[in-house]
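# Descriptive structure summary
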Amino acid sequence: MRAEWHETRLLWASRPALFALLRTAALGGPVWRAPKLGWLVTDPVVARRVLNDPKHFTLLGEGGVGHLWAQVLGDYVYRIFDGPGHADLRARARDLFTDATARPLVRRVFTPALEPAVERLRAGGVVDVADLTRVLVGRMMADMLGLDLPADDERYREVFGTGEKLARLALGSAASTELPPDVIARAKAIIAGLTKNVPQAYAEASADTLLGRCRELGLSLEETSGLAALLMVAGTETAATAMTRILALLHDTGQQHLLRGESQLMYGVISEGLRVTTPAPVIGRSVSRDITVGRTRMRAGDRVLLLTHVANNRIGRFDITGPTYIPEIRQLWFGAGRHLCLGAALARAEIRHFLDAMLGNGPIQIVSRRPAKGVLIPSYAELRVTIG
Ligand code: HEM
């Protein structure tokens, strides 16, 4: 109950409108129409059906994330983020993040910031893990974008903050994904700054970096630049909030104690943590051709919001001893179908590496916490822990 209370408070404080949407939708049926918003789907099987049906649903129309990013990144989004161009890009990017490549990447990128934090915990000190995960993800972004930055954490906080600023521009897109010209101009300026090193790194970087691997896999510079921008928005706040909130859930439910000497439970921790937190709580789509879903007739042009947070949490409370595979959900927290999260292996490796480091010296105690406000993805602004 305590864990649920903290998660609920976090959602409410971070994004009151999203909280209201999730709560209201949970009271309705599996699929129903909300004025101004479109179809709300809370049933996991229907959500998976929508995500697996590219003939009738697209993310390039009003309501979809592709529509949002095409205005900022350019029309090539229509070519490579859906349709045949997308299938071709996914086929070539399939090996970009695998479990085998993600683990050493995470170790290399995280160690300079994670080791001092673990040392501080060992010495009886307090670590703000919300800040730490922002630095870790900022480091991952900088590495992926080929940014050549000095070693101090502050630079990486800034990189994360810039990614956050970009994501914040998407706030308010629940009602429409059509962006006003001033927002487009601001987003373009942020992306230009963050991706300024991409062309050079694409040409010169070694094959053990993301940009070097894109080149080796045969992705063009245009595809690589688009992908780099997408990775930045897709893999920044989601990964940081997942790490912090899963650690908090393990503490608040007392289940961190079950993990001692039982490392095989870690797989369940990651999937349960992602199920309960569902860091991407809503997935948008646009109906491209009329279709009947169950008893519901959806028309071309309608918007559909898949409320995966509601669908995933219908299964029950956070329990790392439960089944790690739930057929109707599978891994809905990473989406499904052709747009299934490309960074899933990387996200899992990040969470695992972080939790192993944080819990490796004994159970943690949360000293204080504070939810973030005005962010796209509900998260903690501060979560201070010590070894307890
Ligand atoms: C816990 C962390 C994460 C969660 C919960 C998550 C969730 C998702 C979801 C739900 C989608 C599908 C969106 C849709 O269908 O419209 C998605 C797509 C995507 N994610 Fe993640 N993501 C996470 C981390 C990452 C990371 C670390 C990266 C890479 C650095 C990443 C890269 C992507 C990309 C590129 C796509 C678009 C794939 C496509 O359209 O083909 N994600 N993610």
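Scroll up to find the structure.
The structure contained in this document is the topic of the report that follows. All of these numbers come straight from a predicted model, not from anything done at the bench.

Cut-offs used in this document
Residues numbered from 1 in each chain as written. Predicted model: local features only at pLDDT ≥ 70, side-chain atom pairs only at ≥ 80, totals over all residues. Heavy atoms only, no water. Helix = DSSP H or I, 4+ residues; strand = E, 2+ residues; numbered from the N terminus. Rg over C-alpha atoms; globule rule 2.2 N^0.38 Å. Contact = heavy atoms within 4.5 Å. Areas by Shrake-Rupley, 256 points an atom, 1.4 Å probe, with all protein chains shown as cover. Lys, Arg positive; Asp, Glu negative; His and termini not counted. Charge placed at Lys NZ, Arg CZ, Asp CG, Glu CD. Near = heavy atom within 4 Å. Polar contact = N/O pair within 3.5 Å; in protein donor to acceptor, adjacent residues only side chain to side chain. Nonpolar A, V, L, I, M, F, W, Y, C, P; charged D, E, K, R; others polar. 1 Å grid on protein atoms, 1.4 Å probe; cavity = no way out; pocket = protein on both sides within 12 Å on 5 of 7 lines; lining within 4 Å. Points joined across faces, edges and corners; volume = space filled by probe spheres on them. Donors = N, O, S within 2.8 Å, 3.2 Å for Na, K, Ca; no water. Salt bridge = Lys/Arg side-chain N within 4 Å of Asp/Glu carboxyl O. Buried < 20%, exposed > 50% of the residue type's maximum accessible area, 1.4 Å probe, protein only. Pairing = 2+ DSSP bridges. Core = buried A, V, L, I, M, F, W, Y, C linked by side-chain atoms within 4.5 Å. Expected span 1.5 Å × (residues − 1). Arc of directions from axis to C-beta.

## Some words on the overall build of the chain
The helix and strand inventory of the chain stands at 17 helices and ten strands. Relative to the globule expectation of 21 Å for 388 residues, the C-alpha radius of gyration of the chain, 20 Å, shows essentially globular dimensions. Projected onto its principal axes, the C-alpha coordinates of the chain cover approximately 60 × 50 × 35 Å. Contacts in the chain between residues far apart in sequence, at least 24 positions, make up 71% of those at least 6 positions apart. Here the chain displays about 16,400 Å² of accessible surface, and carbon together with sulfur accounts for 56% of that area. Treating the 48 positive side-chain charges of the chain as one cloud and the 39 negative ones as another, the clouds have centres 5 Å apart.

## Details of the site of the ligand
Taken together, 26 residues sit near the ligand, with His86, Arg90, Arg285, His339 and Cys341 positioned nearest. His86 places a side-chain nitrogen or oxygen 2.7 Å from an oxygen atom of the ligand. For the ligand, an oxygen atom lies 2.7 Å from a polar atom in the side chain of Arg90. Only helix H6 (83-93), helix H13 (221-234), helix H14 (237-252), strand E5 (283-287) and helix H17 (344-359) provide two or more residues apiece to the shell around the ligand. Looking at the shell around the ligand residue by residue, the class counts come to 17 nonpolar, six polar and three charged.

## Here's the deal with the layout of surface pockets
By volume, the second largest pocket is sized at about 490 Å³. In this structure, the second largest pocket is lined by 21 residues; those nearest its centre are Glu4, Thr8, Arg23, His309 and Asn313. Elements with a contribution of two residues or more to the lining of the second largest pocket: helix H1 (2-14), helix H2 (16-27) and helix H16 (308-313). Looking at which element gives the most residues to the lining of the second largest pocket, the answer is H1, with five residues. Considering only residue class, the lining of the second largest pocket consists of ten nonpolar, six polar and five charged.

## A word on the coordination of the iron atom of the ligand
For the iron atom of the ligand, the protein contributes exactly one donor atom, Cys341 (SG), at 2.3 Å. Position of Cys341 relative to the elements: it lies in the loop between H16 and H17.

## Points about the pattern of salt bridges
By the definition in use, this model includes 22 salt bridges. Salt-bridge contacts for Arg92 lead to Glu223; the nearest nitrogen and oxygen are separated by 3.0 Å. Of this pair, Arg92 sits in helix H6 while Glu223 sits in helix H13, and the two are 131 residues apart along the sequence. We classify Arg92 as partly exposed; its relative accessible area is 23%. Using a relative accessible area of 10% as the deciding quantity, one classes Glu223 as buried. Note that Arg186 is salt-bridged to Asp182, the shortest N-O span being 3.4 Å. Linking Arg186 with Asp182, this pair stays in helix H10 (residues 181-194), spanning four residues, or about one helical turn.

## Focus on the sheet that holds strand E4 (residues 127-128)
Spatial ordering of the open sheet is given by E4-E10-E9, a layout of three strands whose pairing is antiparallel. The sheet is open, and its two borders are formed by E4 and strand E9 (364-371), each paired with just one other strand. Two strands pair when backbone bridges link them, and E4 and strand E10 (residues 380-387) are joined in this way by two bridges, in the antiparallel orientation. Bridge assignment links Val127 to a residue of E10, and that residue is Val385.

## Concerning the nonpolar core
Counting residues in each nonpolar core, the largest one holds 122 residues, and the members touching the most others are Leu166, Leu250, Met298, Phe354, Leu355 and Met358. Beyond its immediate chain neighbours, meaning those up to four positions away, Leu166 contacts Trp69, Ala187, Ile190, Ile191, Met232 and Val233. Residues Leu18, Phe19, Leu40 and Val310 belong to the second largest nonpolar core, which totals eleven residues.

## Let's talk about the side chain of Glu164
In this structure, Glu164 sits in helix H9 (residues 153-168). Look at Glu164: it is buried, it has no salt bridge, and the nearest opposite charge is Arg168 at 4.0 Å. Residues contacting Glu164, with those up to four places away along its chain left out, are Glu237 and Val375.

## A closer look at the side chain of Thr386
Mapped onto the elements, Thr386 comes out in strand E10. In terms of polar contacts, Thr386 uses its side chain to reach the backbone carbonyl oxygen of Gly125, at 3.0 Å. Leaving out residues up to four positions away in the same chain, Thr386 has contacts with Leu121, Gly124, Gly125, Val126, Pro363, Ile364, Gln365 and Val367.

## Details of H9
The end-to-end C-alpha distance of H9 is 22 Å, a good match for the 22 Å that 16 residues give at a rise of 1.5 Å each. Tyr156, Val159, Phe160, Gly163, Glu164, Leu166 and Ala167 are the residues of H9 that are buried. For H9, the arc enclosing every buried residue in end-on projection is 160 degrees, short of the 170-degree limit, so these residues lie on one face. Those residues of H9 hidden inside the fold are in contact with helix H4 (65-73), helix H8 (129-144), H10, H13 and H14.

## Re the environment of Ala201
Here Ala201 is to be found in helix H11 (residues 198-204). For the pair Ala201 and Ile326, spaced 125 residues apart in the sequence, the C-alpha separation amounts to 41 Å. Excluding residues that lie within four positions of it along the chain, Ala201 makes contacts with Gly146, Leu211 and Arg215.

## Observations regarding the sheet that holds strand E3 (residues 57-58)
Read across the sheet, five strands follow the order E1-E2-E8-E5-E3 without closing on themselves; strand pairing throughout is mixed. If you trace the sheet from one side to the other, it starts and ends with strand E1 (31-34) and E3, each paired once. Bridging between E5 and strand E8 (residues 303-306) involves four bridges; their strand directions are antiparallel. Residue pairing in the sheet places Gly284 in a bridge with Leu305 of E8.

This is a description of form; function is not addressed.
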